[in-house]
Amino acid sequence: MNSILDPALLDPALQALRTQLEAAAAAFAGDSAHLGALLRAMIEDVQRATAEPVEVFPVKHHSPASALHMLRRLRARAPKVIYMEGCEDLNASLAGLHHCRFPVALQAYAPEAPAFPVDWTPLNVVLPLTEFSAEYQAIAYCLQNPGTKLVFVDRSVDHVFQWMPRGGPPPGSDDEADDGGGEPAEPAEAEAEAGEGESAGNTGNLHGGAVGLQIGAMQPTFGDFLDVLLRNAKVRHYSEWWTQYVEGPTLACDYGTYRQVFFLVGSLLRRIGITEKDRVADCERERYMWTRIREHMKAHKIDPREAMYVCGAIHAVSPIPEFGSKGTAWTVPAKTPTQWFYGVVPSSYAAIERQFSLPAGEISIAQSMWDKGLQALDLKPFKIEAEKKADGENKPTVRKKAAAPAASAPVEVVPAAVSGAGLRDFLTRPPTFVAADDEQLMRWCVEIVRLARKNGYTSSTADTIAILHTATLLARLRDRPHPSPYDFQDAAVTCLEKDRVPGRRDVRRLCQILLGGDRLGRVGYESLPPLAQDVYDRLAVLGINLKSSRIERALLDIQGRPELLPASDLLWRLRYLGAGVRPIMGERTLGHKPKQESWDIEIGKHQSSLIQLGYEGLTIEQVLEKRLKTKAFEATSRAAKALEAAEDSVLYLRSGRLTRELGMRATELLRAELGGNDAPEIFQRVRGLVHYYRTLGMPDWIKDFVSTGYRHYATLLPTAFTDRGTAPRQLAAMLAFIFTQEALAFSMGCERSQLLIAVAQAEPDDPPKIALRWAAQWILGQRSEDEIRADFQHLLHSPLLLPAFPEYMAGFLLALEFTPRISRLAVEFLSRAFAALPDEVLVPWLPKLVVTLRPLGSGVMQTLVKEAGLAFPRELGKLGAWEFAWDRSVPVAPPPVPKARSEAKPAAKATAAAPAIERSPAELAVATLLRAEPATLDALAGLLGVPGTWMPLAGAADEAAASAAEAEAEPVAAEDAEPASAVDTPLAQLLAAHPEALQALAARLQALA
């Protein structure tokens, strides 16, 4: 090794190269001793990697150069086994790639993971694959050539989470990953130009909360190193530096030079480009991978010279003792008992960029470089396609070379030492694809002007020339031999961008569309789990394209086509589980029978959520039942959640067994609760369920729940009235549950005495609870309406209690939820409050009043508004002399004096006061008619044992009618009697036209007498 570093033994080309490297490294390190150690370590890393019998193939994540060299390497000579960096248990997902449209991602999913923190579940891991990556080319070759075995050797997905720190945000959350993917994808019509794979809509969050894995991660994590690198290279981000200085130059170099360059860059990044924490994590993974490689070679008796190891360039130059086929032994840690499910989910360019903090458009640029390399080198890539059968034989899509067998082919040996002449030629010669780059750049300039004109920009042919010259100028200013895609984007923005964006897209977004846009992958029907296939089959009756990545509109005329009802039920279940469907018209409520529905279906775009449901069960109904049981039976569940699960089972499953099980669980949880925090929700759900079951027959579980709730809340009432932790709305919900469900509770053996005792024991101190107690006492007959009116009048007339009047009123309004009968009193008290309260009390109360009335619902509010409307005049002309009924002074009528024999019966004089509320004309007509013919009511009163005392009619206008009624009761001559005032009323005419009812009643009373 010392001979390699001795300047006297180096050729002039390598000596010049070393001089440049020393100058660059000295500017960063500033110490010649450290510089020598760094160069020596890098050369040792390259020598160790190239001398290893197992052929180490360094790659970078989604690198076109790596993919091209993998393609050329496999076509030249096939290895017996390919060991690849990737979770070892993801091998189970490879079989599902045959029927996919890329990009897709291998997935491992664990719905439950008791060995990990609760907030981590469900655990989700994805490994994205694109067609222009080395890992894809190796996988495609192995799937089409059974003679070459593919083995993932990286840590298992279980170890991925085991080695994560327990503190901080959950893995895969947005808090721990920088959303460097940048701009969301656009759902524009320009996507159609990119071909079939173009995405529709924003696909940046397609991976959701999954943990992303990379094969060949090469991103520096040491901030100071990255800043110096970008500043000296005159680039904005690391991907641009890599594309310009590593990716592009290595596209057409020979295989040996490609490996040496990647080894050198990987060694540089490993030594000074990543943090110590990442370095330690890399060492753990490398020990794991080399241990698995040695175990597999030993178990299958594989010669190391017949094996290839595909890994990131940083892992390829590992200095650990376990490195290589003859490294030291290491014990693999045990796995947790977590159950993992494996499959394939769709991915997209935007999702990959967002997952790994890549700049927007990076994957599209990589795709354009891949296409350029294939065309320039005249190569045909490997493809993963469905196996085609003909005459019972499988015909592989990828053609094998008709050369000597792989076992007898000579093994290519790459020199261990770095060739100075080879590196000198590589670094000094112009790029191989200069002609292709010039042609590609010209095509980009023409196409971007066309796209800009289509999107509203005023561009012309002159702009094409301007973009071309500006891109060349920018490349020269940045010390580049040829404009890169990033130079082209900057030039297009400079020449075309105006002071405003005329359409939905700016020029930078148009450049991204031109370079490839965002592609959305798709998993084929044959590779879907059984649940997803079942959904596709059952929704086929809708007649829409479920595989489309765009929104499909489905119109369901269920009344005209009853066979669509099962599809409607399935769509509502999918919506409940969040699987990419959205109702536009239609509802699913208790007792509702659908007639027509309209849905937006995006199953083709949201295949990931449907596939993950497939890991939880075989059918949607099974998954839904599992979810409902989990909601009801988890350790932290409450009665409201369990009751919600029972209601959801009625809505979506119609399973009497499941509903009964969930309802019994809700009853059990209700017995164990110590407060009324969930009383409002429980009351609303129970009321809806009871109304629903009244037409079908009340099940036993709902009867048991109501009776349990009646006893439970009646027991809690004394404490709830005095407990400051129980809000007035919660107390009102408890009372509403008790009063609205009394009839059903009484049928189950409950007694009202418990409620009477509870209300009597309550001694509230808060004004809203005091008002609620008044309302409860009024319903129970313990307090009259006049007493409640007097209590509120006392509040309005007491200067000390006046500021608390709004709080009393708020509590009284809450009683509307369980006793709408107080609506008249509520209108009266509110009217008095608005009339009497000062502004400093009334104005701050108005927002509280709105907040109080909002939860009561539309039904109670309609009753309150209707009652308020009855208190106002119906004609505008009467408004001047109008006053509230409760403010009118009602005169007390004097006792009537009969015309004859008035002194003989002084007891017949009426002495009662006039009623508080004036009678309407219709009520007055009925009262006058009854007084004119009192014999029937007197006889009925005599049978009932009630004294026949007649009350006087209110008002001076009715005094004559009352006197006439008294005189009619005396045996006077017919000529002295005055005619009744109600003879001409409609009621009198109706009775005269049909006297049979009154005659039958009179005959019955006479027989009883």
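Our structure is the block above this text.
Model, not experiment: these values are computed from the prediction.

Criteria and thresholds
- Residues numbered from 1 in each chain as written.
- Predicted model: local features only at pLDDT ≥ 70, side-chain atom pairs only at ≥ 80, totals over all residues.
- Heavy atoms only, no water.
- Helix = DSSP H or I, 4+ residues; strand = E, 2+ residues; numbered from the N terminus.
- Buried < 20%, exposed > 50% of the residue type's maximum accessible area, 1.4 Å probe, protein only.
- Contact = heavy atoms within 4.5 Å.
- Polar contact = N/O pair within 3.5 Å; in protein donor to acceptor, adjacent residues only side chain to side chain.
- Pairing = 2+ DSSP bridges.
- Axes fitted to C-alpha atoms, helices over the stretch in contact; angles between N-to-C directions.
- Salt bridge = Lys/Arg side-chain N within 4 Å of Asp/Glu carboxyl O.
- Expected span 1.5 Å × (residues − 1).
- Phe/Tyr/Trp six-rings, centres within 6.5 Å; stacked < 30°, edge-to-face > 60°.

Asks: Whenever I open this one, the overall build of the protein chain confuses me. Can you help?
Replies: Along its length, the protein chain carries 40 helices and 15 strands. Across the 1009 residues of the protein chain, 50% fall into the buried class. For the protein chain, restricting intrachain contacts to residue pairs at least 6 apart in sequence, the fraction spanning at least 24 positions comes to 76%.

Asks: Sorry if this is basic, but what is going on with the side chain of S459 here?
Replies: Checked against the element boundaries, S459 lands in the loop between α15 (434–454) and α16 (461–477). Here the side chain of S459 touches V449 through a polar contact of 3.1 Å, landing on its backbone oxygen. Residues contacting S459, with those up to four places away along its chain left out, are V449, A452, R453 and L496.

Asks: Help me out: how do you make sense of the pairing of strand β8 (residues 307–312) in this one?
Replies: Within a regular strand, side chains alternate between the sheet's two faces. Within β8, six of the six residues are buried, leaving the element largely enclosed by the surrounding structure. Pairing geometry for strand β1 (residues 55–59) and β8, over five bridges, is parallel. Across the sheet, the residue bridging to F57 is V310, located in β8. Relative to β8, strand β2 (residues 81–87) runs parallel, the two sharing four bridges. Within β8, the position partnered with M84 by the bridge is V310.

Asks: What's the story with the sheet that holds strand β6 (residues 149–154) in this structure? I'm lost.
Replies: Within a beta sheet, neighbouring strands are joined by backbone hydrogen bonds and run either parallel or antiparallel to one another. Taken in spatial order, the four strands of this open sheet run β1-β8-β2-β6, and their pairing is parallel. Unpaired on one side and paired on the other, β1 and β6 mark the two borders of the sheet. The mean inter-strand angle of the sheet, taken between neighbouring strand axes irrespective of direction, is 30°. Direction of pairing for β2 relative to β6: parallel, over a ladder of five bridges. Its bridge partner lying in β6, M84 is registered against F152. Here helix α5 (residues 134–144) sits on the sheet in contact with β1, β2 and β6, set at roughly 130° to β2.

Asks: How should the pattern of salt bridges be read in this particular structure?
Replies: When charged atoms on two side chains of opposite charge get close, those side chains can pair. Applying the stated criterion across every chain, the model contains 51 salt bridges. The residue D45 makes a salt bridge to R271 at a minimum N-O spacing of 3.0 Å. Remark: R271 occurs in helix α9 (residues 255–273) and D45 occurs in helix α3 (residues 32–51); sequence separation between them is 226 residues. Using a relative accessible area of 1% as the deciding quantity, one classes D45 as buried. Judged by relative accessible area, R271 falls into the partly exposed class, the value being 32%. A salt bridge links D704 to R671; the shortest N-O distance between them is 3.5 Å. In this pair, D704 sits in helix α26 (residues 700–722) while R671 sits in helix α24 (residues 656–672), placing the two residues 33 residues apart along the sequence. Taking the relative accessible area as the measure of exposure, D704 reaches 30% and is therefore partly exposed. The class of R671 is partly exposed, set by a relative accessible area of 49%.

Asks: I keep staring at helix α25 (residues 679–694) and nothing clicks. Help me out?
Replies: Since the α-helix advances by 3.6 residues per turn, residues separated by three or four positions end up pointing in the same direction. Taking 1.5 Å of rise per residue, the 16 residues of α25 would be expected to cover 22 Å, and the 22 Å separating its terminal C-alpha atoms lies within 8% of that figure. Among all positions of α25, only A679, P680, I682, F683, R685, V686, L689, V690 and Y693 are buried. Next to the buried residues of α25 lie α23 (639–652), α24, α26, α27 (728–740) and α28 (742–747).

Asks: Looking at this structure, how should I read unusual backbone geometry?
Replies: In most cases, non-glycine residues show a negative phi, while peptide bonds are predominantly trans. Of note, the amide linkage connecting F102 to P103 takes the cis form, showing an omega dihedral of 10°. Relative to the elements of secondary structure, P103 occurs in the loop between β3 (100–101) and β4 (104–110). Despite not being glycine, H62 has its phi angle at roughly 55°, a positive value. Phi at R654 takes a positive value of approximately 55°, unusual for a residue other than glycine. One can find R654 in the loop between α23 and α24. The exposed category is assigned to R654, whose relative accessible area is 51%.

Asks: Explanation requested: the packing of aromatic side chains in the structure shown.
Replies: Given two aromatic rings, their pairing is described by the distance between the two centres and the angle made by the two planes. Scanning all chains against the criterion turns up 37 aromatic pairs. When the centroid spacing of 5.3 Å and the interplanar angle of 40° are considered together, the rings of W444 and F488 count as tilted. Taken together, the positions of W444 in helix α15 and F488 in helix α17 (residues 485–496) put the pair 44 residues apart, joining distant regions of the chain. The exposure class assigned to W444 is buried, which follows from its relative accessible area of 8%. The exposure class of F488 is buried, given its relative accessible area of 0%.

Asks: Explanation requested: helix α4 (residues 64–76) in the structure shown.
Replies: In a regular helix each residue adds 1.5 Å, so 13 residues correspond to 18 Å; α4 covers 18 Å between its end C-alpha atoms and thus fits that length. The buried fraction of α4 is high, at ten of 13 residues. Of the residues making up α4, those classed as buried are P64, A65, S66, A67, L68, H69, M70, L71, R73 and L74.

Asks: Even after reading the chapter, I still don't get the environment of G96, so can you show me in this structure?
Replies: Along the polypeptide, G96 turns up in the loop between β2 and β3. Placed 431 residues apart in sequence, G96 and S527 show a C-alpha to C-alpha distance of 4.8 Å. Among all residues touching G96, those that are not within four sequence positions of it are V344 and S527.

Asks: Is there a simple way to think about the sheet that holds strand β14 (residues 581–585) in this case?
Replies: Reading across from one edge, β13-β15-β14 is the order of the three strands in this open sheet, with antiparallel pairing throughout. Two strands in the sheet have a free side with no partner beyond their single neighbour: β13 (552–557) and β14. Between one strand and the next, the sheet's axes are offset by a mean angle of 25°, whatever the strand orientation. Pairing geometry for β14 and strand β15 (residues 596–601), over four bridges, is antiparallel. Following the sheet pairing, V581 is matched in β15 by I601. Taken strand by strand, helix α20 (residues 565–577) contacts β13, β14 and β15, and its axis lies near 45° from that of β15.

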